[in-house]
Amino acid sequence: MDFLHVAAGLIAPPLCAACGRSCRPEAVICTRCSRALAEATPLLAGGPQGIDRVWSSASHDGVGRALVGALKFRRLLPVAELMADRMHWLAPGHLLSGSVVAVPAAPPRMRRRGFDPAGELAAALAARLDSEPVPCLVRRGSGHQVGRRRAERIGHPPRIEAVAESPRSVLLIDDVLTTGATLTACAAALRGAGAKRVVALTFTRRV
């Protein structure tokens, strides 16, 4: 089996999830993209309404943006593991406390994709924190935010509801932070269900 795997790699080398160039066997991204991602500066700031602090591992451009697209639109699930590694290594330790909760996907998009990008990322990060994600939030309606203008996103946030009691301290996980409208909706639902502290971590942030 190992010989067949090596032979297959020689015939069709693995491709970088970010740029599409050849990369090392078992690698998710190539050496050049790895260096570019390593040079990206994490962002820490006060959160949108309802969020105590928000930390993102990189701005939403270059390799970071390409990886979000690879996970969300090309269904390259190993990318979630790479994202979780970076978030776990770089996020300040005091922000990594609390129960992991994923920003929920809209049901139609979940059915269409067959998976939830934020859920995959939350599960991968929770595993690194020796915990399990807490499935206490759901999104009602289509919740379509991609392609909307900033004012539309803020003025018409997604409908997020708590379907179970929230942990008191929450580590809210999403792939990308844009306007913060979705995080604010999640925070309102969490605090209404008992959360006292809500910190958000995203892989990238639009700046």
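Please read all numbers here as calculations on a predicted model, not as lab measurements.

Now for unusual backbone geometry. Not every positive phi belongs to a glycine, and E26 is a case in point at roughly 75°. With respect to the helices and strands, the residue E26 is situated in the loop between α1 (2-11) and α2 (31-39). Although it is not a glycine, R75 sits at a positive phi angle of roughly 60°. By secondary structure assignment, the location of R75 is in the loop between α3 (62-72) and α4 (78-90). For R75, a relative accessible area of 45% translates into the label partly exposed.

Okay, the confidence of the model for the chain next. Of the residues in the chain, 87% have a pLDDT of 70 or more, and the chain-wide mean is 89. A low-confidence stretch, residues 1-11 stays under pLDDT 50, and its non-local contacts, those more than four residues away or across chains, total 2 contacts.

The packing of two helices is summarised by the inter-axis angle and the distance between the axes. Interaxial distance between α2 and α3 falls to 8 Å at its minimum, and their mutual angle equals 110°. Our classification of the angle between α2 and α3 gives roughly perpendicular. Two secondary-structure elements touch here, α2 through C33, A36 and L37 and α3 through V63, G64 and L67. For the contact of α2 with α3, a count of residues per class yields 5 nonpolar, 1 polar and no charged.

Counting residues in hydrophobic clusters, the biggest one holds 37 residues, and the most contacted among them are I29, L67, M83, I173, L201 and F203. Among the secondary structure elements, those contributing two or more residues to this core are α2, α3, α4, β3 (99-102), α6 (117-128), β6 (169-177) and β7 (197-205). Examining the composition of this core, we find that 6 residues originate from one element, α4, more than from any other. In this structure, I51, L177, A187 and A189 belong to the second largest nonpolar core, which totals 19 residues.

Cut-offs used in this document
- Per chain, the residues get numbers from 1 upward, laid out in the order the sequence is written.
- Totals for whole chains, interfaces and linings use every residue, but because this is a predicted model, local features are given only for residues with pLDDT of at least 70 and side-chain atom pairs only at 80 or more, for both listing and counting.
- The side-chain quantities take in all heavy atoms of the structure and omit both hydrogens and water.
- Secondary structure elements are taken from DSSP: a helix is a run of H or I of four residues or more, a strand is a run of E of two residues or more, and numbering for both begins at the N terminus.
- Categorising residues by exposure relies on relative accessible area from a 1.4 Å probe, with only protein chains included: less than 20% of the type maximum marks a residue as buried, more than 50% marks it as exposed, and the intermediate range marks it as partly exposed.
- Every residue carries a pLDDT, the predictor's confidence in it, which falls somewhere between 0 and 100.
- It only takes one pair of heavy atoms within 4.5 Å for two residues to be counted as in contact.
- Each axis is a line fitted through C-alpha atoms, and for a helix only the stretch in contact is used; angles between axes span 0 to 180 degrees, taken between their N-to-C directions.
- Note on terminology: angles under 35 degrees are roughly parallel, angles over 145 are roughly antiparallel, angles of 65 to 115 are roughly perpendicular, and the others are oblique.
- Under the scheme applied, nonpolar residues are Ala, Val, Leu, Ile, Met, Phe, Trp, Tyr, Cys and Pro; charged residues are Asp, Glu, Lys and Arg; polar residues are all the others, including Gly.
- Joining through side-chain atoms within 4.5 Å is the link that ties buried Ala, Val, Leu, Ile, Met, Phe, Trp, Tyr and Cys residues into a set, and such a set is a nonpolar core.

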